[in-house]
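# Geometric and topological summary
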Amino acid sequence: MRISVRDGRGTVTAPLRAHIERRLAFALSSFGDRVGQVVVRLSGTTPADGRAPLPEQCEIEVKLRPRDLQVADTGADPFVAVENAAERLGRSVARAVERERGWLDGPPSPSAPRPRR
């Protein structure tokens, strides 16, 4: 898994980069070689008029074989935004993989019980 981190405000600190890598490894480790490249984009601004800073945003794009997924989430600081987005990403990838397994297995039989929602 190749991880690319981009921050619109400047460079990414070593502790933040380590946090990103750790959270993504945790969220995506069970999907193995299906995950190709991961791009993390961080953004956040402080208003010029002295008001409270806006929430940090973390957007994660994953090249998942054979599809691409993208999630975004916010938080009070970049660490929280990364945690929120990584959790969301893990759930999204799991759903996508499960859907693809269903496509490979063919349509369910008419007598099979439908999953509850």
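### What about the overall build of the protein chain?
- Summing up its helical and strand segments, the protein chain has two helices and four strands in all.
- Each helix (α) and strand (β) of the protein chain, taken in turn from the N terminus, gives the series β-α-β-β-β-α.
- Expressed as a percentage of its 117 residues, the buried residues of the protein chain come to 35%.
- Of the contacts made within the protein chain by residues no fewer than 6 positions apart, 54% connect residues no fewer than 24 positions apart.
- As displayed, the protein chain has an accessible area near 7800 Å², and 52% of this comes from carbon and sulfur atoms.

### A short note on the nonpolar core
- Counting 26 residues, the largest nonpolar core has V40 and I60 as its most contacted members.
- Per element, the largest residue contribution to this core is eight residues, and it comes from helix α2 (residues 78-105).
- Among residues more than four places away in sequence, those in contact with V40 are I3, S4, V5, R6, I20, L24, C58, E59 and I60.

### Some remarks on the pattern of salt bridges
- The tally for this structure, following the rule as stated, stands at six salt bridges.
- Among the salt bridges present, the one from E59 reaches R41, with a minimum N-O distance of 3.2 Å. With E59 in strand β3 (residues 56-64) and R41 in strand β2 (residues 35-43), the pair connects residues that are 18 residues apart, well separated along the chain.
- For E59, a relative accessible area of 23% translates into the label partly exposed.
- The network of salt bridges with common partners includes R41, E59, E61, K63 and D68.

### Overview of the sheet that holds strand β1 (residues 2-7)
- Strand order in the open sheet formed by four strands is β1-β2-β3-β4, and the pairing between neighbours is mixed. Of all strands in the sheet, those bounded by a partner on one side alone are β1 and β4 (67-75). Neighbour-to-neighbour, the strand axes of this sheet turn through a mean angle of 15°, independent of strand direction.
- Here β1 runs beside β2; their pairing, made up of six bridges, is parallel. Its bridge partner lying in β2, R6 is registered against R41.
- Set on the sheet, helix α1 (residues 14-28) makes contact with β1, β2 and β3; between it and β2 the angle comes to about 135°.

### Quick notes on α1
- Taking 1.5 Å as the rise per residue, α1 with 15 residues should run 21 Å; its terminal C-alpha atoms sit 21 Å apart, in good agreement.
- Of all the positions in α1, only L16, H19, I20, R23, L24, A27 and L28 are classed as buried. An end-on view of α1 places all buried positions within 135° of arc, on one side of the element. Structural note: α1 exposes A14, P15, R22 and F26 on the side pointing more than 90 degrees away from its buried face.

Rules of the game
- Residues numbered from 1 in each chain as written.
- Predicted model: local features only at pLDDT ≥ 70, side-chain atom pairs only at ≥ 80, totals over all residues.
- Heavy atoms only, no water.
- Helix = DSSP H or I, 4+ residues; strand = E, 2+ residues; numbered from the N terminus.
- Buried < 20%, exposed > 50% of the residue type's maximum accessible area, 1.4 Å probe, protein only.
- Contact = heavy atoms within 4.5 Å.
- Areas by Shrake-Rupley, 256 points an atom, 1.4 Å probe, with all protein chains shown as cover.
- Core = buried A, V, L, I, M, F, W, Y, C linked by side-chain atoms within 4.5 Å.
- Salt bridge = Lys/Arg side-chain N within 4 Å of Asp/Glu carboxyl O.
- Pairing = 2+ DSSP bridges.
- Axes fitted to C-alpha atoms, helices over the stretch in contact; angles between N-to-C directions.
- Expected span 1.5 Å × (residues − 1).
- Arc of directions from axis to C-beta.

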